Amino acid sequence: MTRNTKAHLAVLGANLIFGSGYAVVKTITPEYIAPFALNVVRVLSSLFLFWLVFLMNPGKAGIDKKDLPRFLLCAVTGVAINQLFFIKGLSLTTAIHSSLLSLGTPIFITIIAAWLLRERLTIQKLFGLALGIGGATMLILSKDQQQNGTDVLLGDLMIIINAVSYAFYLVLVRPLMERYKPIHVLRWVFTFGTFMILPFGMEQFIDTDWQAFGTAQWMALGFAALFLTFIAYLLNVYGLSIIGSSATGSYIYTQPVFAAIIAMLFMGEHFTLTKGLAALCIFAGVFMVNRKKQV
């Protein structure tokens, strides 16, 4: 098996984990563990494991002072806002809604890159943005009768904020990935991000009734802590280092497929016509935004 094939399989595996995570997380939050408390479990577990990997293979640990502000911004956008709004939003809306709205990330990246990096917005990209935003709006305004979404509108809006924040992170982190090893960047981003999340979730973490957890809940928590954060991030970083950011990013389109299948099989969610039309608009918008013009 070639390195490229391994890299593609690694990234596919990461997105299978991310796609599965939508349904898995909803089985434990907010019923068994509060959303921000789950964030504390995720970041503390990942922080421990990232530094454990470093201790097993020591190298350069520090960062240049001039890069510190960018690392802090990446921690705010890629860990603090991203994870807090994702878990809280997912606890309020449905797994299918969350996965489809997360597809907005590539669209937001285009907008942010045009703003921060002065990348040109073509007519094709603007039409793609309109399609994607239209699909997201259709999804948000649709009346979802699923019982596992307690406040779908607020949850959807929080998922969009999470997608915008993660898009900022992906734009801001590019220069750091060029100067440092990807795992080195992740280690420090999670280190700073953990201290940002703790004030929001520590009280909920302490108040969690751990005795109420059964085997299924402990397995779901372990999946969220180990696979959904640490292993998925490592697999993505491995793929990023070999096949590049564009190919790695394109696999985000597989997440709603995995999420929808799992949500329909295990959570009783339904893929309605409205959701299908919204998904079609979002997919078409993302395709047009990222499609390269033929010369």
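Conventions and cut-offs
Residues numbered from 1 in each chain as written. Predicted model: local features only at pLDDT ≥ 70, side-chain atom pairs only at ≥ 80, totals over all residues. Heavy atoms only, no water. Helix = DSSP H or I, 4+ residues; strand = E, 2+ residues; numbered from the N terminus. Buried < 20%, exposed > 50% of the residue type's maximum accessible area, 1.4 Å probe, protein only. Contact = heavy atoms within 4.5 Å. Axes fitted to C-alpha atoms, helices over the stretch in contact; angles between N-to-C directions. Parallel < 35°, antiparallel > 145°, perpendicular 65-115°, else oblique. Left-handed = near helix turned anticlockwise from the far one by under 90°. Salt bridge = Lys/Arg side-chain N within 4 Å of Asp/Glu carboxyl O. Expected span 1.5 Å × (residues − 1). Bend = angle between axes of the 7 residues up to and from the residue. Phe/Tyr/Trp six-rings, centres within 6.5 Å; stacked < 30°, edge-to-face > 60°. Core = buried A, V, L, I, M, F, W, Y, C linked by side-chain atoms within 4.5 Å. 1 Å grid on protein atoms, 1.4 Å probe; cavity = no way out; pocket = protein on both sides within 12 Å on 5 of 7 lines; lining within 4 Å. Points joined across faces, edges and corners; volume = space filled by probe spheres on them. Nonpolar A, V, L, I, M, F, W, Y, C, P; charged D, E, K, R; others polar.

K.L.:
Even after reading the chapter, I still don't get the overall build of the protein, so can you show me in this structure?
P.N.:
Scanning the protein from N- to C-terminus turns up 11 helices and 0 strands. Looking at the protein as a whole, 50% of its 295 residues qualify as buried. Taking as baseline every contact in the protein between residues at least 6 positions apart, the subset at least 24 positions apart corresponds to 90%.

K.L.:
Looking at this model, I keep getting lost on the packing of helix α2 (residues 35–56) against helix α8 (residues 182–207). Mind explaining?
P.N.:
The relative placement of two packed helices is expressed as an angle between their axes plus a distance between the axes. Packing of α2 against α8 leaves a shortest axis separation of 8 Å and a crossing angle of 150 degrees. Classified by the angle between their axes, α2 and α8 sit roughly antiparallel to one another. As for the relative orientation of α2 and α8, their crossing is left-handed in sense.

K.L.:
Is there a simple way to think about the pattern of salt bridges in this case?
P.N.:
If the charged atoms of two oppositely charged side chains come close together, the side chains can form a pair. Within the structure shown, the criterion is met by 2 salt bridges. Residue K66 is joined to D67 by a salt bridge in which the shortest nitrogen-to-oxygen separation is 3.7 Å. Look at D67 and you get buried, because its relative accessible area is 3%. The partner of D67 in a salt bridge is R179, with the nearest N and O atoms 2.7 Å apart. One end of the pair, D67, is in the loop between α2 and α3 (68–92); the other, R179, is in helix α7 (residues 152–179), and 112 residues separate them in sequence. On the basis of relative accessible area, R179 is assigned to the partly exposed category, the value being 43%. Each of K66, D67 and R179 takes part in salt bridges that share partners, so that together they form one network.

K.L.:
What exactly am I supposed to notice about unusual backbone geometry here?
P.N.:
Note: most peptide bonds trans; most residues except glycine with negative phi. Of the consecutive residues T29 and P30, the connecting peptide bond is found in the cis state with omega at 5 degrees. Residue position: P30 is located in the loop between α1 (3–26) and α2.

K.L.:
Any chance you could explain the environment of I17 here in plain terms?
P.N.:
With respect to the element layout, I17 can be found in helix α1. The buried category is assigned to I17, whose relative accessible area is 10%. As for I17 and F227, which are separated by 210 residues in sequence, their C-alpha atoms are 6.8 Å apart. Apart from residues no more than four positions distant in its own chain, I17 is found in contact with F223, F227, L228, I231, A232 and L235.

K.L.:
What am I meant to see in α1 here?
P.N.:
Residues separated by three or four positions in an α-helix point in the same direction, a consequence of the helix having 3.6 residues per turn. Its 24 residues give α1 an end-to-end C-alpha distance of 35 Å, which sits within 8% of 34 Å, the value for a rise of 1.5 Å per residue. The largest bend in α1 comes to about 35 degrees, at S20.

K.L.:
What should I look at first to understand the packing of aromatic side chains in this one?
P.N.:
Any aromatic ring pair is given by two values, namely how distant the centres are and how the planes are angled relative to each other. Under the counting rule described, the total for this entry stands at 17 aromatic pairs. An angle of 75 degrees between the planes, with centres 5.6 Å apart, marks the rings of Y22 and F86 as edge-to-face. Here the residue Y22 occupies a position in helix α1, and F86 occupies one in helix α3, the gap between them amounting to 64 residues. Of the two residues, Y22 and F86, both sit in the buried class. Ring geometry for W51 against W188: centres 5.4 Å apart, planes inclined by 90 degrees, an arrangement best described as edge-to-face.

K.L.:
Looking at this model, I keep getting lost on the nonpolar core. Mind explaining?
P.N.:
Nonpolar side chains tend to gather and get buried jointly when the protein is soluble and globular. The biggest cluster of nonpolar side chains holds 57 residues, and the ones touching the most others in it are I33, L38, F71 and V185. Ignoring anything within four residues of it in the chain, the contact list for L38 reads V25, I28, T29, I33, I87, L221 and A224. Membership of the second largest hydrophobic core comes to 5 residues, among which are A7, V11, I242 and Y251.

K.L.:
Please clarify how the layout of surface pockets should be interpreted in this entry.
P.N.:
In this approach, a probe sized like a water molecule rolls over the atoms, and the result shows the empty space that is left. Estimated volume of the second largest pocket: approximately 440 Å³. The wall of the second largest pocket is formed by 19 residues, among which K60, K181, I183, H184 and R187 lie closest to the centre. At the level of secondary structure, the elements contributing two or more residues to the lining of the second largest pocket comprise α2, α8 and α9 (215–250). Counting residues per element, the lining of the second largest pocket draws most heavily on α8, which supplies 4 residues. Grouping the amino acids of the lining of the second largest pocket by side-chain chemistry returns 8 nonpolar, 5 polar and 6 charged.

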